Every structure is written in C-alpha cells, then in structure tokens.
Amino acid sequence: MRRPLRPLLTAALALGLACAQAAGPTPPAAPASGPRAEVIHWWTSGGESAAVKTLADAYRAGGGTWVDMAVALGEQARAVAVNRIIGGNPPTAAQFNTTKQFHDIVEQGLVLPMDEVAQKDGWDRFLPEIVLSAIRIKGHYYAVPVNIHMPTWIWYSKAAFRQAGIAGEPRSMEELFAALDKLKAAGLVPLAHGGQAWQDNTVFTAVLTNVGGRELYLKVLRDRDPAAINSEAFRQVLLTFKRLQGYVDKGSPGRNWNDATAMLISGKAGVQFMGDWAKGEFAQARQVAGRDYGCIPGFGPQAPYIIQGDVFVFPRQKTPGPQPAQQLLAHVVTQPTTQVEFSLRKGSIPIRTDVDVSKLDICAQQGVAAMKDKARQLGNGELYLTPDQNGALQDILTTYWNRNIPVEKVQRDILAALRS
C-alpha cells in the first residue's frame, strides 16, 4: 500500500493542474513503427532548444520517434510531469535535476527502474559516484543522467578587465577583490548579479568552496555539524559572501541571471558567479571562451568542483514491464557522441570522461579535467539537504545579503534551519 503523498508532491500536483491547462492538451500520438517517446522538459531557450534537438536526433537515429513536450521553467515542467504521472497519463520520460527532486515519486512506486540498460551499458564504470548516489536508490537505477553542470563558475569580461587595467586572471579570492576594486574605479559594474534567492545562494556556495574548502563544505551542508557552522572559518565565509554584495549595482534586485551575463557580454560589468549554462548566452552573442571572456572553475588546481545536472526519469506506463521506448532513450542519452553533441550546445560537460573533448571549448575542457580528479568532486547542496532545508537556507542567505544582520545571528539561523 502506498503511503500518502508528501506535502511537496501535493503542491506539485496543484501547480501541475494549472500548468497543464496553460500548456494545452497532451500532444496527439505520432504515427511510428518504432518506439515512441514523449519527453517533458524545460529546455526552451535558444541554446537549450538546440541542445535538446541533439537528443531527439540521436533517438530518431536509434529507430525511435521523439515527441517533444517543452514546458517553460523547471518548477512548472516538473509539476506538469508529476500531475500527469499521478493522473494516470504519464509521459515516456520527464526531466528532473540531479538531486532528490524525483525521490518522492520513486518511493510512491511511480517510476520504472532502468536496471537492465544500466548494467548492459556499464553505468557504474563511467558515472561519477556523486551522480550514481542520486539516481541509484536501494540498488536500482531510477534515472538516466543527461549532463553535468557546475553552478559556481566565475566568469569575467576580457573587455572590462582591459578597460580597468587588470592584466591577469585572479588566482585567489583576495586577487578577485582587488580586480573588483579596479573595475569599480574604472566606472564599471564590478559584479553582475541578479538579486534572486537562488543566485544569492550560488554566490554563497562559490565562497564556501573557495574560502572554506571541501571539508567545511561537507561539514556544513552534508553533516550539518554545529561545530562547523559555529566556527570562525564559517564566519569568515559568511563575511566574505557579504563583502561581495558591496560590488553590485542598484539594478541588481530581481535581475534575471541571463541579463547579468549580458552585462559581461556588453563590457558594462566585469565578473559574474554563475553556472556553466551561462556559456549559452556568450555563444549566442558569438563570443569565444578565452578570447572574449574568461572562466574560473575555482581558485587553485585542487578547488572543489560541484556536480549539478539534469536527468530523465521514466514513469511507469499502463502496460506493465520494461518499455522499449524508455530503454532506447536511456541507452541513447549516455552514448559518447550524444554526450559531446549535447554538451557543445548546452554549455555543460559530458557525464563521462572517456569521450573526445577536443570539440569542446576551453572552459568545458577545464571542467572535464577537474572531473577526472575524484578528490575535487562535490555534490551540490540539494543532494545533501531536503527541499525544505535548502529553501530555508536560501531565505536566510538572501536576507543577510540584502540587510545588515550580525553574522553571529546568521550562523545561529543557519544551524537551526539545517538541523530541523
């Protein structure tokens, strides 16, 4: 007997009803002789649409028919998917992040594992352990990873740096602050930032990894260790995070991330903390990594590399047993050629390191190199925290970012939120 749905899942159902109405009726079945896959995803921007087309092309090349169901915004797309799964009209596959987002529907018995494909294709041999820990639940493989994103890259405008007289790439947080001071003195916006809670959290995470380091990151987010959260080292992380707020412009509150990236593209701003999906904006503007903009995954060769990304889950269908359409998609997505072609357009890096990355830009190649060192790999916060804990942490950080609050109070609030 299934236990009652959790509040988060119930909320997704309610939102999904509204989103499904906005999205229109389910696409009609396309005539096909081979497997047919209706795929719900939220890749709707120009670069994202080009990326998802590579998946569709690979699926068709494998003998299947891809039926695209794009829904703008991740939260809405997930809600539509959950609504249809619970309502008995499941898609063939649905996009989620490489987190605990889909664990509720797995626990409800609504997702079909892809064990046969995982074993045949050898997922254990090429997937990072952090990714495996997200998709493998009680020994079964409930999702196929599509890509790896790193959310805390530091991007900078070469034109802005030249204008400010900054000769070299910052190699430490203090060198970054020195560069921000020069950008400010040159009349430029030092730090392009969108004042939204998730973006504030991105900056905090970048500071936690680069100032606090791997061990503190894990003690705070994974272990929720009171001694670590109350430590002087974590206090310095929070003070550094707050210090960065002094370099944003008055237009920052509410700004979308891609609009902040556009400030670097135009040369009006110097630096941005953002995930590698920002490369899609640079690419659309025909800017080239290393020539027009620089990218820093972290300070130093041992800097932590945070693993984030996307997966497809495979809802149980009305017909019991393995579904050829789902198995074909799970197989196609992980193939080397598919991985490279998708990453070229998405800004991510492949989920496997045994691929030819010569086509990828220098930033992606840095990411692939970092992934080969397991000691640098860290899961993103959503892998270690519940959705409620993650939401509470973001609320505390964004309040601290925007208001004058004693850092000791912030430490106490974070401890209470993460230990709840």
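What counts and what doesn't
- Residues numbered from 1 in each chain as written.
- Predicted model: local features only at pLDDT ≥ 70, side-chain atom pairs only at ≥ 80, totals over all residues.
- Heavy atoms only, no water.
- Pairing = 2+ DSSP bridges.
- Helix = DSSP H or I, 4+ residues; strand = E, 2+ residues; numbered from the N terminus.
- Axes fitted to C-alpha atoms, helices over the stretch in contact; angles between N-to-C directions.
- Contact = heavy atoms within 4.5 Å.
- Buried < 20%, exposed > 50% of the residue type's maximum accessible area, 1.4 Å probe, protein only.
- Salt bridge = Lys/Arg side-chain N within 4 Å of Asp/Glu carboxyl O.

A. Spotlight on the sheet that holds strand β9 (residues 269–274). Pairing within the open sheet is mixed, and its four strands lie in the order β8-β9-β7-β10. Each having just a single partner strand, β8 (189–191) and β10 (293–296) make up the two edges of the open sheet. With strand direction ignored, the average angle separating the axes of adjacent strands in the sheet is 20°. Where β8 meets β9, two bridges bridge the pair, whose relative direction is parallel. Counted as the bridge partner of L191 is V271 from β9. Running over the sheet, helix α13 (residues 257–265) touches β7 (153–157), β8 and β9 and is turned about 145° from β9. Its contacts with the sheet place helix α17 (residues 362–371) against β7 and β10, and it is angled at close to 160° to β7.

B. Fine view of the side chain of T261. Turning to its location among the elements, T261 is positioned in helix α13. Note on T261: relative accessible area 0%, which makes it buried. Discounting chain neighbours no more than four positions away, the residues touching T261 are Q272, A278, E281 and F282.

C. The arrangement of the pattern of salt bridges in detail. If you walk through the whole model with that rule in mind, you get 17 salt bridges. The partner of R84 in a salt bridge is E38, and the shortest N-O contact between them spans 2.7 Å. With a gap of 46 residues between them, R84 in helix α3 (residues 74–86) and E38 in strand β1 (residues 36–41) connect regions that are remote in the sequence. For the pair R84 and E38, a shared accessibility class is recorded, and that class is buried. With its nearest N and O atoms 2.9 Å apart, the salt bridge here joins K53 to D57. In this pair, K53 and D57 both sit in helix α2 (residues 46–61), four residues apart, roughly one turn of the helix. Residue D57 is classed as partly exposed on the basis of its relative accessible area, which comes to 34%. One continuous salt-bridge network, built from bridges that share partners, spans K53, D57 and R60.

D. View of the sheet that holds strand β6 (residues 143–145). Spatial ordering of the open sheet is given by β2-β1-β3-β12-β6, a layout of five strands whose pairing is mixed. Bordering the open sheet on either side are β2 (65–70) and β6, each of which pairs with just one other strand. Pairwise comparison of adjacent strand axes, ignoring direction, gives a mean angle of 30° for this sheet. In the sheet, β1 pairs with strand β3 (residues 93–97) via two bridges, with the strands oriented parallel. The partner of V39 across the bridge, within β3, is A93. Sitting on the sheet, α3 is in contact with β1 and β3, with an inclination near 135° to β1.

Treat this as a map of the structure, not an account of what it does.
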